[in-house]
Amino acid sequence: MFSLHEGSGLLLLLLLAGLQITAEARGAPPCSPGFSEDLYTVVVPDITEKGWPLFTVKFVSCGRGGLVRFECSNPSDFRIEDDGVVYAARTLQRSPAPASPLLIKAVDATTQQQWVTQVKMMPPTQVQEFAVPPVMSKNLKEIVFPSQNADSTLKRIKRDWVIPPINVPENSRGPFPQELVRIRSDHDKNRSLRYSVTGPGADQPPTGIFTIDPISGELSVNKPLDREHIPSFHLRAHAVDLNGNQVENPIDIVINVIDMNDNRPEFTHQIWNGTVPEGSKPGTFVMTVTSIDKDDPKTANGMLRYKILSQNPESPSSNMFTINNKTGGIITVAAGLDREKVPQYTLIIQATDMEGNPMYGLSNTATAVIRVTDINDNPPEFTAEMFFGEVPENAVNVIVANLTVTDKDQPNTPAWNAVYKITGGDPTGRFSVPTDPTTNEGLVTVVKPIDYEISRTYVLTVEARNEVPLARGIHSPRQSTATVSIRVTDVNESPYFDPNPKLLKLEEGLMPESTLTTFTAQDPDRYMQQTIRYSKLFDPAKWLRIDPNTGRITTIAILDRESPFVKNSLYNATFLATDNDEKSPASGTGTLQIYLLDINDNAPKVFPHEAEVCEKPEPNAINITALDEDLNHNAGPFAFELAHRPLDVKRNWTITRISGDYAQISLKIGFLESGIYEVPIIITDSGNLPMSNTSFLRIKVCQCDINGDCTDQQHIMAAGLGTGAIISILLCIIILLILVLMFVVWMKRRDKERQAKQLLIDPEDDVRDNILKYDEEGGGEEDQDYDLSQLQQPDTLEPDAIKPVGIRRLDERPLHPEPQYPMRSAAPHPGDIGDFINEGLKAADNDPTAPPYDSLLVFDYEGSGSTAGSLSSLNSSSSGGDQDYDYLNDWGPRFRKLADMYGGSDD
């Protein structure tokens with residue numbers, strides 16, 4: 001019935017007439033659920049945009065609420081909401097064919113009960129304009145609420161109201177507020193009502209755009225509308241009495257904003273870049289430019305047209321390009337695009353709305369830059385017909401000549417990069433012409449050695465092409481081919497030996513001064529008169545000599561195949577050949593390989609050289625073999641036998657041959673004393689002239705365990721360390737003994753020095769407990785102010801006589817509670833002195849207040865009441881006259897001096 005709107009033109013401003021409701025009472029019982037009409041007749045515009053509300057169907061739910069859902073028979077074109085409003089599901093355009101009614105079905109989600117109604121859509125019979133300039137309120141179009149019973153129950157009638165949209169043009173200049181429509185209810189005849197509107201634009205953001213007079217019901221717009229911001233508004237009108245009771249069901253009002261041409265076209269890019277190959281035919285697509293207009297694209301306000309205002313440069317014609325006025329596609333319309341002449345074109349493009357009407361439409365411009373891309377329409381051409389070069393013979397990877405070309409195509413592109421090919425003059429492939437990536441020149445290079453004696457001049461034919469083929473219809477000119485003349489210069493070449501290496505087969509043992517061969521070299525310089533001299537370069541065994549003039553090789557020593565300088569019977573010697581060129585003598589080397597044939601010149605030797613056997617015959621066998629430096633035919637099989645001397649060899653031992661290379665030696669007697677025995681064994685090889693040798697096998701005879709292993713730990717000397725190792729060990733032992741001896745001497749000397757120091761001290765003067773003198777001199781006691789009270793008992797000191805802390809001397813004894821040191825009687829027994837001192841020492845060691853340094857310790861207190869005022873009053877010569885001091889001799893050497901002074905004779 002409806003199809004998508006694809007045409008262009010002005011959208012008609014249609015104001016739909018309201019449906020006339022014909023109520024036909026059917027005597028249905030009150031509140032019977034169902035649609036208000038069995039058939040709705042609605043008027044719809046010819047063109048309907050997607051999302052526009054079309055009409056509303058009324059359904060009496062009788063309190064079912066949201067349990068009823070709606071469905072339509074054509075969901076692809078129409079969409080029905082839960083409130084019964086039907087919207088366009090897409091942009092629709094009326095079809096001329098008669099339309100079948102639209103079926104709308106309501107389904108109860110709980111009981112699955114269904115109700116069906118039909119909607120017949122009719123074209124508009126007249127165009128009504130709701131959006132008009134402000135007029136008097138009396139001329140406003142009225143929208144009347146549908147009739148209802150007094151109990152607010154909708155009557156069952158055949159038709160219901162369908163409110164058409166209200167169209168309001170954007171950017172209106174007012175005056176504001178501008179009345180749009182009057183909303184009225186039939187109930188305002190017998191009572192006072194109040195009207196209101198709700199929805200976005202009224203009481204929801206953006207608020208304040210639409211207002212309604214609550215008494216008269218006049219709906220007004222308060223400011224200019226912008227379609228590009230909000231294209232339509234959906235409001236709902238309400239009517240209530242003075243008590244706030246709803247007297248009418250709300251009705252939906254749709255306000256569509258009508259587009260005005262208030263936006264210029266805007267290009268998506270101000271500068272457009274495109275390319276077109278040179279030489280393109282007319283009609284070649286170049287690029288597409290696009291512009292956007294915010295106005296309604298379905299109206300002339302948003303319909304754009306493009307055109308080219310200017311072209312720069314206007315060469316070869318002013319109309320090289322054209323543009324599709326609707327799509328913006330740019331194509332070529334003339335031939336003659338040549339990048340080498342015009343590499344780029346600049347076009348000014350204009351876009352105009354109102355379908356390109358220059359009087360009413362708005363326009364804008366942009367720049368299109370078209371770059372002409374290069375094609376290979378210009379072949380490379382040599383700058384000269386002939387190029388020259390020179391190269392010395394035998395030179396490789398040498399640039400002989402540089403070939404220069406010109407190409408009008410764009411540099412550093414495949415159409416400009418040159419590729420060179422030699423088409424003649426080089427059958428052996430001795431030259432190549434790579435391309436210099438920077439200069440595009442051809443570099444004639446020698447890739448194989450050139451011999452001056454064979455060819456002195458080369459004439460090459462070189463062709464230049466591009467990396468890509470030439471464009472169709474373009475052919476290579478004569479200038480794309482050039483000739484290169486190369487002259488070869490002669491150089492002094494090195495002599496060479498032929499053959500090299502040279503192989504000789506000789507028997508070893510050749511005597512000195514024997515002539516082997518003549519090893520000569522050839523000079524490749526045929527046009528130079530030169531002589532060659534020979535010399536020996538490498539002869540590791542120093543066996544050979546070469547004649548410097550003739551190259552004859554003779555021997556100066558015996559050739560020995562078993563020499564360490566011979567590998568796999570092959571001996572290599574290198575000789576040097578040098579010409580006599582005056583400027584730069586050249587030389588070459590040649591190798592002489594001598595293959596030495598083996599002769600039987602080496603006697604076999606026993607292997608191993610040492611072995612162990614048990615004292616008793618079982619088990620006591622030793623397996624032996626022989627070593628021969630000659631080749632196999634001059635070596636094994638071997639013959640083994642015991643020597644006849646000494647006589648005890650055959651008496652003690654026996655030898656048995658196992659195979660051609662192995663034999664077994666064992667004890668012949670039942671017991672042989674432990675020790676080391678030298679057993680001579682005669683071994684003979686199988687050479688053409690057999691050679692014999694007597695080898696000694698060192699056998700250690702030892703005591704064995706049950707497994708046949710020697711139980712003693714002695715080993716054969718030869719199986720131990722060598723002579724050098726033994727000498728090293730002996731030297732280490734001697735050095736160690738010398739160090740020990742020096743240490744002992746040093747220790748003894750140290751002891752002697754210590755004893756000498758002790759002898760300097762007189763044992764009688766060795767009184768360790770004497771008061772030491774530290775060079776403090778002074779007068780007598782009368783000249784010094786000593787506090788003799790410190791010598792008295794500490795308990796008798798007055799408290800105020802104690803010096804405060806901080807003014808004591810560092811060498812004074814700290815003032816702490818005194819420990820209980822032992823008291824000595826006035827006349828102690830001589831045997832008590834040692835005990836007294838030990839007790840005092842023990843008390844001092846246990847004293848926690850004792851300082852950690854040497855200081856004066858009180859070992860005795862002699863009591864108080866001394867009559868002596870000072871120590872100077874002591875008279876040792878008179879006071880002790882009647883005292884017996886002989887007991888001092890019993891106190892040891894430390895008191896012997898006192899005993900001599902006071903005891904014994906008068907002396």
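Bear in mind that the values here come from a model prediction, so they are computed numbers and not experimental data. Counting restarts for each chain, with residues numbered from 1 along the sequence as it is written. Owing to the predicted nature of the model, reporting of local features is limited to residues with pLDDT of at least 70; listing and counting of side-chain atom pairs is limited to 80 or more, with chain, interface and lining totals taken over all residues. Each side-chain value is derived from all of the structure's non-hydrogen atoms; neither hydrogens nor water enter the calculation.

Colleague: Sorry if this is basic, but what is going on with the overall build of the chain here?
Modeller: Counting its regular elements, the chain contains five helices and 55 strands. Burial classification: accessible surface area is computed with a 1.4 Å probe over protein chains only, and a residue below 20% of its type maximum counts as buried, one above 50% as exposed, and the rest as partly exposed. The proportion of buried residues among the 907 residues of the chain is 35%. What makes two residues a contact is simply this: any of their non-hydrogen atoms within 4.5 Å. Contacts in the chain between residues at least 24 apart in sequence constitute 68% of all its contacts with a sequence separation of at least 6. Accessibility throughout is a Shrake-Rupley quantity obtained with a 1.4 Å probe, and a residue counts as covered only by protein chains that appear here. Surface exposure of the chain reaches about 54300 Å², of which carbon and sulfur atoms provide 53%. We count a stretch as a helix when DSSP gives it H or I for four or more residues in a row; a strand needs E for two or more, and each element gets its number in order from the N terminus.

Colleague: What is the right way to look at the environment of Pro501 in this model?
Modeller: Looking at the element boundaries, Pro501 is found in the loop between β39 (496-497) and β40 (502-507). Residue Pro501 is classed as partly exposed on the basis of its relative accessible area, which comes to 43%. Between the alpha carbons of Pro501 and Thr589 there is a distance of 9.6 Å; along the sequence they are 88 residues apart. When residues no more than four places from it in sequence are discounted, the contact partners of Pro501 are Thr591 and Gln593.

Colleague: Explain the packing of aromatic side chains to me, please; I cannot follow it from the model alone.
Modeller: In this description, a pair of aromatic rings is defined by centroid distance and the angle of the planes. The pairing test for Phe, Tyr and Trp rings, Trp by its six-membered ring, is centres within 6.5 Å, and the orientation test on the planes gives stacked under 30 degrees, edge-to-face over 60, and tilted for anything in between. Using the criterion set out here, one finds 16 aromatic pairs in the structure. Measuring from ring centre to ring centre gives 4.5 Å for Phe497 and Phe519, while their planes differ by 35 degrees; the resulting arrangement is tilted. Highlighted residues: Phe497 in strand β39 and Phe519 in the loop between β41 (515-518) and β42 (521-522), separated in sequence by 22 residues. The burial state of Phe497 is the same as that of Phe519; both residues are buried. Summarising the aromatic geometry, the rings of Trp653 and Tyr677 are spaced 6.5 Å apart at their centres and angled 65 degrees between planes, so their arrangement reads as edge-to-face. With Trp653 in strand β52 (residues 653-657) and Tyr677 in strand β54 (residues 675-684), this pair connects stretches of sequence that are 24 residues apart. By relative accessible area, Trp653 is classed as buried at 3%.

Colleague: I tried to follow the nonpolar core on my own but got confused; where do I start?
Modeller: Here is a general trend for soluble globular proteins: nonpolar side chains tend to be buried in one another's company. Definition of nonpolar core: a set of buried residues of the types Ala, Val, Leu, Ile, Met, Phe, Trp, Tyr and Cys, connected through side-chain atoms within 4.5 Å. In terms of nonpolar packing, the biggest core is built from 28 residues, with Ile183, Phe210, Leu225, Phe233 and Ile255 touching the most fellow members. Among the secondary structure elements, those contributing two or more residues to this core are β14 (166-169), β15 (178-184), β16 (193-198), β17 (210-212), β18 (218-221), β19 (232-241) and β20 (251-258). Sequence-distant contacts of Phe210, that is, excluding residues within four places in its chain, are made with Leu180, Gly201, Ala202, Leu219, Ser220, Val221, Asn222, Leu225, Phe233, Leu235 and Ile255. Counting 24 residues, the second largest nonpolar core, distinct from the first, contains Val400, Leu403, Ala418 and Val446.

Colleague: Whenever I open this one, the sheet that holds β52 confuses me. Can you help?
Modeller: Working definition: the strands of a sheet are paired by backbone hydrogen bonds and lie parallel or antiparallel to each other. Pairing in this open sheet of four strands is antiparallel, and the strands run β48-β50-β53-β52 from one edge to the other. The open sheet terminates on both sides in strands that have one partner only, identified here as β48 (605-607) and β52. Pairwise comparison of adjacent strand axes, ignoring direction, gives a mean angle of 35 degrees for this sheet. Being paired, for any two strands, means DSSP has found at least two bridges between them. Angles run from 0 to 180 degrees between N-to-C directions of axes, and those axes are lines fitted to C-alpha atoms, restricted for helices to the stretch in contact.

Colleague: So what exactly am I meant to see when it comes to the sheet that holds strand β37 (residues 457-466) here?
Modeller: Overall, mixed pairing links the four strands, which are arranged β31-β38-β37-β34 in an open sheet. At either end of the open sheet lies a strand with only one pairing partner, and these are β31 (386-392) and β34 (418-424). In this sheet, adjacent strand axes meet at a mean angle of 30 degrees when their direction is disregarded. Note that β31 and strand β38 (residues 481-489) share seven bridges and pair parallel. In the strand pairing of β38, Glu390 is matched with Arg487.

Colleague: What's the story with the pattern of salt bridges in this structure? I'm lost.
Modeller: Two side chains bearing opposite charge may form a pair once their charged atoms approach each other closely. The salt bridge definition used is simple: a Lys or Arg side-chain nitrogen within 4 Å of an Asp or Glu carboxyl oxygen. Here the structure, examined in full by the defined rule, presents 20 salt bridges. For Glu340, the salt bridge identified is with Arg339, shortest N-O distance 3.3 Å. You can call Glu340 partly exposed: its relative accessible area is 27%. Note that Arg465 is salt-bridged to Glu463, the shortest N-O span being 3.1 Å. On the accessibility criterion, Arg465 (47% relative accessible area) is partly exposed. A single salt-bridge network, built from bridges that share partners, covers Arg69, Glu71 and Lys105.

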